[in-house]
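Working through the structure, step by step
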Amino acid sequence: MNLHTCMLTENDCYKAGKPLSVRGLMLHSTGAPNTRLSRYVGPNDGLLGMNQYGNHWNQARPAGRQVCVHGFIGKLKDGTIATYQTLPWEMRGWHAGGAANSTHIGVEICEDDLTDAAYFRAVYQEAVELFAYLCKMFDLDPLQDIICHAEGYQQGIASNHGDVLYWFSKQGKTMDDFRRDVRDQMEHPKEDDTMKTYTHTDQMPDWAQDTFYRLIDAGIVKVDDKGEIAVQECSVQPMVYLDRLCGGQIEKLPEAIKVLQTSE
Ligand SMILES: [Zn+2]
């Protein structure tokens, strides 16, 4: 799971700020072919990318509608899959068009044109991990307490939408598969939560490469006999941030601190 936070504080739903006592989780998909998180989540934090149309949901009523969800799953600017939490989990959302708003957390998966199996596998796995995390957090039973929007309609607690069944069925999955995969994830977490390590700068996101070229040139990031580095994914963003703070001269920081210390 690649979980980030960008609360939709300008949305009327967030401003209403009603409490939610979480009794279930509802899975949605967006119903429009756009895999970019920046379509719905903003402002740009550097990872999301720009929404040039200004139509993300961090506004009072997106497209004039009273809508807001607790999270989105889709692509960052660099193409990696991520989850953005967009409402506090225990704040009432506007996602179901029915009574489920008062009981369920609602999460949207950004749809593609429903045909890309690799994209589906990636966002499905991300949703499994997120829902396992939320089931643990709120002591929910994944087999009982997870539904999709279409199932909510069948139960009379959500409006008449077909998500996510029309997409899942095209990709050979059912909601029962999803519920079982969440349960399995809770019992046997997959190894891919372990930290990723970059061995070459070209594996890093574009926005980080220049910083690390200079750190390598300056000998601060070491290169081994095989010509490889070992930089943990979690350290990349703070280093780039620090580099910007230093006016793009992070490699001079150790020298600058020595100078400061001798002048004391
Ligand atoms: Zn929906």
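Residues numbered from 1 in each chain as written. Predicted model: local features only at pLDDT ≥ 70, side-chain atom pairs only at ≥ 80, totals over all residues. Heavy atoms only, no water.

The name an unreviewed UniProt entry gives the protein is N-acetylmuramoyl-L-alanine amidase, with Butyricicoccus pullicaecorum as the organism. In its Catalytic activity (unreviewed entry) section, the UniProt entry covering the protein states "Hydrolyzes the link between N-acetylmuramoyl residues and L-amino acid residues in certain cell-wall glycopeptides." (UniProt positions renumbered as here; feature names shortened; annotations may be inferred.)

**A short note on the packing of helix α2 (residues 117-137) against helix α6 (residues 175-187)**
Where α2 contacts α6, the axes come no closer than 8 Å and their chain directions differ by 60°. Every pair of crossing elements has a handedness; the one defined by α2 and α6 is right-handed. Here α2 contributes Y124, Q125, A127, V128, E129, F131, A132, C135 and K136 to the contact with α6, which in turn contributes D177, F178, D181, V182, Q185 and M186. For the contact of α2 with α6, the residue count by class is nine nonpolar, two polar and four charged. (Axes fitted to C-alpha atoms, helices over the stretch in contact; angles between N-to-C directions. Helix = DSSP H or I, 4+ residues; strand = E, 2+ residues; numbered from the N terminus. Left-handed = near helix turned anticlockwise from the far one by under 90°. Contact = heavy atoms within 4.5 Å. Nonpolar A, V, L, I, M, F, W, Y, C, P; charged D, E, K, R; others polar.)

**Topic: the packing of aromatic side chains**
Between two aromatic rings, the relevant description is the distance of the centres plus the angle of the planes. The final tally for this structure, using the stated rule, is eleven aromatic pairs. Note on F120 and Y124: the rings are 5.6 Å apart at their centroids and 35° apart in plane angle, and the pair reads as tilted. Placement of the pair is F120 and Y124 together in helix α2, with a separation of four residues, close to one helical turn. Judged by relative accessible area, F120 falls into the buried class, the value being 4%. A ring pair is formed by Y124 and F168, whose centres lie 5.7 Å apart and whose planes are at 55°; its orientation type is tilted. A residue pair is termed long-range when its members are at least 10 positions apart, and Y124 in helix α2 and F168 in helix α5 (residues 165-170) qualify at 44 residues. Grouping residues by exposure puts Y124 and F168 together as buried. Every member of this aromatic cluster is reached through a ring pair, and the members are Y119, F120, Y124, F131, W167, F168 and F178. (Phe/Tyr/Trp six-rings, centres within 6.5 Å; stacked < 30°, edge-to-face > 60°. Buried < 20%, exposed > 50% of the residue type's maximum accessible area, 1.4 Å probe, protein only.)

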